2 protein chains.
Amino acid sequence: MQQPNRFVALNSYVNGGPINETHFSLRQGSLPQLKQGQVLLKTLVLSVDPYMRGCMTGLDTYFLPQFQLGKPIMSLGVAQIVESQNGNYSPGDLVQGFIDWSDYSIWSGATLVPGVGTLQTVDPGIGKLSHALGVFGLNGLTAFFGILGVARPRAGETMVLSGAAGGVGILAGQIARILGVRVIGLAGSEPKRKVLVDQLGFEAALDYRSEKLADELRALAPHGPDIYFDNVGGSLSQIVMSVMRRPGRVVECGQISTYDEAGGGWKVDIRPIHANGLRWESFTTAHFNEFTPAAIGQLSHWVRTGKIIPLETEHRGLEATPRAMVGILRGDNIGKMVVTVAGIE
Amino acid sequence: MQQPNRFVALNSYVNGGPINETHFSLRQGSLPQLKQGQVLLKTLVLSVDPYMRGCMTGLDTYFLPQFQLGKPIMSLGVAQIVESQNGNYSPGDLVQGFIDWSDYSIWSGATLVPGVGTLQTVDPGIGKLSHALGVFGLNGLTAFFGILGVARPRAGETMVLSGAAGGVGILAGQIARILGVRVIGLAGSEPKRKVLVDQLGFEAALDYRSEKLADELRALAPHGPDIYFDNVGGSLSQIVMSVMRRPGRVVECGQISTYDEAGGGWKVDIRPIHANGLRWESFTTAHFNEFTPAAIGQLSHWVRTGKIIPLETEHRGLEATPRAMVGILRGDNIGKMVVTVAGIE
């Protein structure tokens, strides 16, 4: 008899316009018998990330595969091995990788995203398991490489940071601050801005919806910010880039404000870049893969010594994943958005 | 009695879609009496440049003013002073600046483009007057600063150049070649490509419409081009950037292929930039204004010693300006597009 297994599926693609919880459903599935080479995973924590919106458009996009309708959604997550037919993994092991939005899943080496199919061991001494997904996961690596590898700031420079209270934002800002950078965070709510300044030591935090944002930025950086670390894109970035001056640098990390556009977003009106003669650089963590151990080692040191506070927003229960997904695109989270599905056995 | 004076006007704005000659008309105007401080100019040569398409949309664009319907179009040009009520200029002087598309015009210091209102003296020993607009004008400065100030190539690097046979393209390619760069030009016709390779010494010239362009670029630059000097934008740039690899640099010089889009263009789909981790830098000559004498001095040396061949496509007669304008947006020209209106008195 097959074991029952709940999973969360996407019901329909949404090309343009916001997603909401009705686009998802919690369904009842079942687990087949484990085959040679496979392992049975119990889902512990799931990561919810903005890029996933691009897997929900139904479009043949440039770099993201599409979720299969009616099948389990996949994301980065931490799981525990409860049964193993694979010599490399033992029951009880903690692992991370791309896993299903389900209570249990069978891993056989084939995953949604080519080249990232391997399950990696999670050190049980990590502290919080969710840190494997946040500060020591995709968010931490993105912030680390974005600042150290792309922005390469000098102490005393001024950096404007959009999506400052997001999973990458809080870390990019704190890393820049460690390096002596004046960090001006942009965030959409007063509680977020208070956290950025009071708890994380940002020099200032501004409301990205302010009609006077350009003037507020000019007041804080009269010669224009040296760096704009951009997680957001769209009309906000137009405003920030309009106050920058050559040779200001833009670090393009994400374009979350555009993902709901028909066609999937990622279009940039480059006129302020052209008019102001800016340098604009993109990256993904894949471009720095060889340096992942260096990044994680350094991030661990900073977390241990209290120089980085890895804030998180936690949802609980597999059924909360759609709410978390809708929420991250709406900016509900402060720090890393995770869903805790179950505890360690 | 007022002196009759022909001029070319824009009849209607075109927001999206190509312009054609019916959007222009040659009209009969008249010249008022010269006032104190003014000079009377006779138009000798007019420059036709792609940016002018942006002045024909009727939109409140980011950096371009709109031509006034029914009034003389303005562009960079060379003129001769035939009468002067201004102590700084004498009859017979050759000058350049923003002037009317008309046989004669009155200059009083007020021009279309703020900050560039001054008439500058043209050295009668320049050789061809049109060189003041091309190799020693906007095109030459754009190519010089784009290569020396933005691309900053090292000898042996590979540079892909779009719009390679255009006014900026032929110069950017030749300057890069002087610096030891392997230049791969993209151009739309066989005669253009032949000129680039046989006459200008480009390493290769490819048809930008080729369905195998990505493969052809990979064959010529197996590790991806180091530099992409982009005059064109749009889908062509998507292809070029898709074969580039971090830390490849894109020099954004112009986006001519997008200017006919509704809204005026300048939108870039940044997914290949993001996926490949590219550095993307824009500029205008205004960012290097302090170095204009250095640039013109060096360009003069290169032209004199035969290292740069300043190719031009010449139209004749004021009535030919609409044809030249439509033609430059269609890519009819090889090198600088100019309209010779009259000879020196």
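Residues numbered from 1 in each chain as written. Chains lettered and ligands numbered in written order. Predicted model: local features only at pLDDT ≥ 70, side-chain atom pairs only at ≥ 80, totals over all residues. Heavy atoms only, no water.

A look at the overall build of chain A
Here comes step 1: If you tally the helices and strands in chain A, you get eight helices and 16 strands.
Here comes step 2: Relative to the compact-globule value of 20 Å for 345 residues, chain A shows a C-alpha radius of gyration of 20 Å, a close match.
Here comes step 3: Oriented by its inertia axes, the alpha-carbon framework of chain A measures out at about 70 × 45 × 35 Å.
Here comes step 4: Long-range pairs, those at least 24 residues apart, make up 69% of the contacts in chain A with a sequence separation of at least 6.
Here comes step 5: Taken as a whole, chain A presents about 13900 Å² of accessible surface, with 51% of it coming from carbon and sulfur. (Helix = DSSP H or I, 4+ residues; strand = E, 2+ residues; numbered from the N terminus. Rg over C-alpha atoms; globule rule 2.2 N^0.38 Å. Contact = heavy atoms within 4.5 Å. Areas by Shrake-Rupley, 256 points an atom, 1.4 Å probe, with all protein chains shown as cover.)

A look at the side chain of A:Glu281
Here comes step 1: Mapped onto the secondary structure, A:Glu281 falls in strand 14 (residues 279–282).
Here comes step 2: Overall, A:Glu281 belongs to the buried group, its relative accessible area being 5%.
Here comes step 3: Within polar-contact distance, the side chain of A:Glu281 engages the side chain of B:Arg246 at 3.0 Å.
Here comes step 4: The contacts of A:Glu281, once residues within four sequence positions are left out, are A:Val150, A:Arg152, A:Val250, A:Val251, A:Glu252, B:Arg246, B:Leu278 and B:Arg279. (Buried < 20%, exposed > 50% of the residue type's maximum accessible area, 1.4 Å probe, protein only. Polar contact = N/O pair within 3.5 Å; in protein donor to acceptor, adjacent residues only side chain to side chain.)

Some points on the pairing of strand 10 (residues 204–207) of chain B
All names here are of chain B.
Here comes step 1: Pairing geometry for strand 9 (residues 182–187) and strand 10, over four bridges, is parallel. For Gly185, the partnering residue across the bridge sits in strand 10 and is Ala205.
Here comes step 2: In the classification by handedness, the crossover that spans strand 9, the intervening helix 3 (residues 190–199) and the parallel strand 10 is right-handed. (Pairing = 2+ DSSP bridges. Right-handed = clockwise from strand over helix to strand, strands pointing away.)

Considerations on the interface of chain B and chain A
Here comes step 1: Chain B puts 34 residues into the contact, and the matching count from chain A is 33 residues.
Here comes step 2: Between chain B and chain A the total buried area reaches about 3100 Å² when both faces are included, carbon and sulfur atoms providing 58% of it.
Here comes step 3: Scanning the region where chain B abuts chain A turns up six salt bridges.
Here comes step 4: A salt bridge links A:Arg279 to B:Glu281; its shortest N-O distance comes to 2.9 Å.
Here comes step 5: For the interface between chain B and chain A, the tally reads 20 residue pairs in polar contact (both at pLDDT 80 or more).
Here comes step 6: Counting only elements with at least two residues in the side of chain B that touches chain A, the list comes to helix 1 (138–151), strand 13 (267–269), helix 6 (271–276) and strand 14 (279–282) of chain B. (Buried area = accessible area lost by both parts, 1.4 Å probe. Salt bridge = Lys/Arg side-chain N within 4 Å of Asp/Glu carboxyl O.)

Describing the sheet that holds strand 11 (residues 227–230) of chain B
Here comes step 1: Within the open sheet, the twelve strands sit side by side as 10(A)-9(A)-8(A)-11(A)-12(A)-14(A)-14(B)-12(B)-11(B)-8(B)-9(B)-10(B). Their pairing is mixed. Edge positions in the sheet fall to strand 10 (204–207) of chain A together with strand 10 of chain B, since each of these pairs with one other strand and no more. Adjacent strand axes in the sheet meet at a mean angle of 20° when their direction is disregarded.
Here comes step 2: Bridge count for strand 14 of chain A against strand 14 of chain B is three bridges, and the pairing is antiparallel. Looking at the pairing, A:Arg279 lines up with B:Glu281 of strand 14 of chain B.
Here comes step 3: Where helix 3 of chain B meets the sheet, it contacts strand 9 and strand 10 of chain B, and its direction lies at approximately 165° from that of strand 10 of chain B. (Axes fitted to C-alpha atoms, helices over the stretch in contact; angles between N-to-C directions.)

Notes on the environment of B:Gln85
Residues and elements named next belong to chain B.
Here comes step 1: Position of Gln85 among the secondary structure elements: in the loop between strand 4 (74–84) and strand 5 (94–100).
Here comes step 2: On a C-alpha basis, the gap between Gln85 and Ser108 in space is 9.8 Å, while along the polypeptide they are 23 residues apart.
Here comes step 3: Beyond its immediate chain neighbours, meaning those up to four positions away, Gln85 contacts Leu34, Lys35, Gln36, Gly37 and Gln38.

A short note on the packing of aromatic side chains
Here comes step 1: Taken as a whole and judged by the stated rule, the model has 13 aromatic pairs over all chains.
Here comes step 2: Seen in terms of ring centroids, B:Tyr89 and B:Trp107 are 5.5 Å apart; in terms of plane orientation they differ by 75°. Their pairing is edge-to-face. Of the two residues, B:Tyr89 sits in the loop between strand 4 and strand 5 while B:Trp107 sits in strand 6 (residues 104–107), which places them 18 residues apart along the sequence. The exposure classification of B:Tyr89 matches that of B:Trp107, with both residues buried.
Here comes step 3: These aromatic residues form a ring-pair network of at least three members: A:Phe144, A:Phe145, A:Phe283, A:Phe288 and A:Trp302. (Phe/Tyr/Trp six-rings, centres within 6.5 Å; stacked < 30°, edge-to-face > 60°.)

Quick word on the relation of the copies chain B and chain A
Here comes step 1: Take chain B, turn it by 180°, move it 0.0 Å along the axis, and it overlays chain A with an RMSD of 0.0 Å. Given the turn and translation reported, the copies of this chain are related as if by a two-fold rotation axis. (Least-squares fit on C-alpha atoms with pLDDT ≥ 70 in both.)

Some details on helix 7 (residues 292–304) of chain B
All names here are of chain B.
Here comes step 1: Here helix 7 spans 18 Å end to end across 13 residues, near enough to the 18 Å set by a 1.5 Å rise per residue.
Here comes step 2: Buried within helix 7 are the following residues: Thr292, Ala295, Leu299, Ser300 and Trp302. Considered in projection along helix 7, the buried side chains sweep an arc of 165° and stay on one side of the axis. Looking at helix 7, the residues exposed on the side facing more than 90 degrees away from the buried face are Pro293 and Arg304.
Here comes step 3: Elements that come into contact with the buried residues of helix 7 comprise helix 1 and helix 2 (169–178).
Here comes step 4: At the C-terminal side of helix 7, Gly306 shows a positive phi close to 80°. (Expected span 1.5 Å × (residues − 1). Arc of directions from axis to C-beta.)

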